[in-house]
Amino acid sequence: MGSFFSSLLGSPSEDSSSNPSSSEPSRVLTFHSSPRWQLHFNSVKETPKLIVIDFSASWCGPCKFIEPAVHGMAAKFTEVDFVKIDVDELPDVAQEFGVQAMPTFVLVKKGKEVDRVVGAQKNNLEKKVEKHRTLQAAT
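This one's a predicted model, so the numbers in the text were calculated from it and none came from an experiment.

1. Overview of the confidence of the model for the protein chain
Of the residues in the protein chain, 79% have a pLDDT of 70 or more, and the chain-wide mean is 85. Ranking the elements of the protein chain by mean pLDDT puts helix H1 (residues 2–9) last, at 39, and strand E3 (residues 51–56) first, at 98. Confidence over residues 1–12 falls short of pLDDT 50; this stretch has 14 contacts with residues more than four positions distant or in other chains. Confidence drops under a pLDDT of 50 for residues 14–23, and excluding neighbours within four residues, the segment shows 14 contacts in the predicted structure.

2. Structural notes on the side chain of Lys128
With respect to the helices, strands and loops of the structure, Lys128 is situated in helix H5 (residues 122–134). Look at Lys128 and you get buried, because its relative accessible area is 19%. In this structure the side chain of Lys128 is engaged in a polar contact, spanning 3.0 Å, whose partner is the side chain of Asp115. When near neighbours in sequence (up to four residues on either side) are disregarded, Lys128 contacts Leu107, Asp115, Arg116 and Val117.

3. Thoughts on H5
For H5, which comprises 13 residues, the first-to-last C-alpha distance of 18 Å matches the rise-based estimate of 18 Å (1.5 Å per residue) to within 8%. Contacts from the buried residues of H5 go to E3, helix H3 (61–76), strand E4 (81–86), strand E5 (104–109) and strand E6 (112–118).

4. Overview of the nonpolar core
Trp37, Ile53, Phe55, Ile85, Val93, Phe97 and Val108 are the most contacted members of the largest nonpolar core, which has 20 residues in total. Secondary structure elements with two or more residues in this core: helix H2 (34–44), E3, E4, helix H4 (91–96) and E5. Residue contacts for Val108: discarding those within four places in its chain leaves Phe41, Lys49, Leu50, Ile51, Ile53, Phe97, Glu113 and Val114. Listed in part, the 16 residues of the second largest apolar core include Val28, Val52, Val70 and Leu107.

5. Considering the packing of aromatic side chains
If you walk through the whole model with that rule in mind, you get 5 aromatic pairs. Considering the side-chain rings of Trp37 and Phe97, the 6.5 Å spacing of their centres and the 65 degrees angle between planes classify their relative orientation as edge-to-face. Taken as a pair, Trp37 in helix H2 and Phe97 in the loop between H4 and E5 lie far apart in primary sequence, 60 residues in all. Accessibility classification places Trp37 together with Phe97 in one group, the buried group. A centroid spacing of 5.6 Å and a plane angle of 45 degrees characterise the contact between Phe55 and Phe97, whose relative ring orientation is tilted. On the criterion of sequence distance, the pair formed by Phe55 in strand E3 and Phe97 in the loop between H4 and E5 is long-range, its members being 42 residues apart. By way of ring pairs, the aromatic residues Phe31, Trp37, Phe41, Phe55 and Phe97 are connected into one cluster.

6. Some details on the pattern of salt bridges
Counted according to the given criterion, the structure contains 8 salt bridges. Residue Lys84 pairs with Glu67 through a salt bridge whose shortest N-O separation is 3.2 Å. A residue pair is termed long-range when its members are at least 10 positions apart, and Lys84 in strand E4 and Glu67 in helix H3 qualify at 17 residues. Summarising the burial analysis for this pair, Lys84 and Glu67 share the class buried. In this structure, the salt-bridge partner of Lys128 is Asp115, at a minimum N-O distance of 3.0 Å. Here the residue Lys128 occupies a position in helix H5, and Asp115 occupies one in strand E6, the gap between them amounting to 13 residues. For the pair formed by Lys128 and Asp115, the shared burial category is buried. Sharing partners across several salt bridges, the network here consists of Lys76, Lys122 and Glu126.

Quick notes on the rules
Residues numbered from 1 in each chain as written. Predicted model: local features only at pLDDT ≥ 70, side-chain atom pairs only at ≥ 80, totals over all residues. Heavy atoms only, no water. pLDDT = per-residue confidence, 0-100. Helix = DSSP H or I, 4+ residues; strand = E, 2+ residues; numbered from the N terminus. Contact = heavy atoms within 4.5 Å. Buried < 20%, exposed > 50% of the residue type's maximum accessible area, 1.4 Å probe, protein only. Polar contact = N/O pair within 3.5 Å; in protein donor to acceptor, adjacent residues only side chain to side chain. Expected span 1.5 Å × (residues − 1). Core = buried A, V, L, I, M, F, W, Y, C linked by side-chain atoms within 4.5 Å. Phe/Tyr/Trp six-rings, centres within 6.5 Å; stacked < 30°, edge-to-face > 60°. Salt bridge = Lys/Arg side-chain N within 4 Å of Asp/Glu carboxyl O.

Structure below.
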């Protein structure tokens, strides 16, 4: 029965497309279904854990450029959840978060946006992840 619901809702996948030679699975979850994303988001939005949502598109050059850095941050900041959402697959989710350019990284804690980075700004993104992950204990 669980597999029926998984097939109906789709399941998150670990995105290993940017690092096919690595034996380590990626820590970046990719969602291909809005209901599956909502289930995941609802299950974590009451926690103080930082979630970094990477809104991107398959045709976006800057998104592909920063993808290895995002995977590196996911490996480095293991207490942070990294999620990838393709705006063409889930336009309703992108609209819900007010995404207007790619890539857009929305940092969320307790279901609320705490910060945002628009563009492939690796250093800026890493600083904000560092800042908000350390505030976790204080929240």
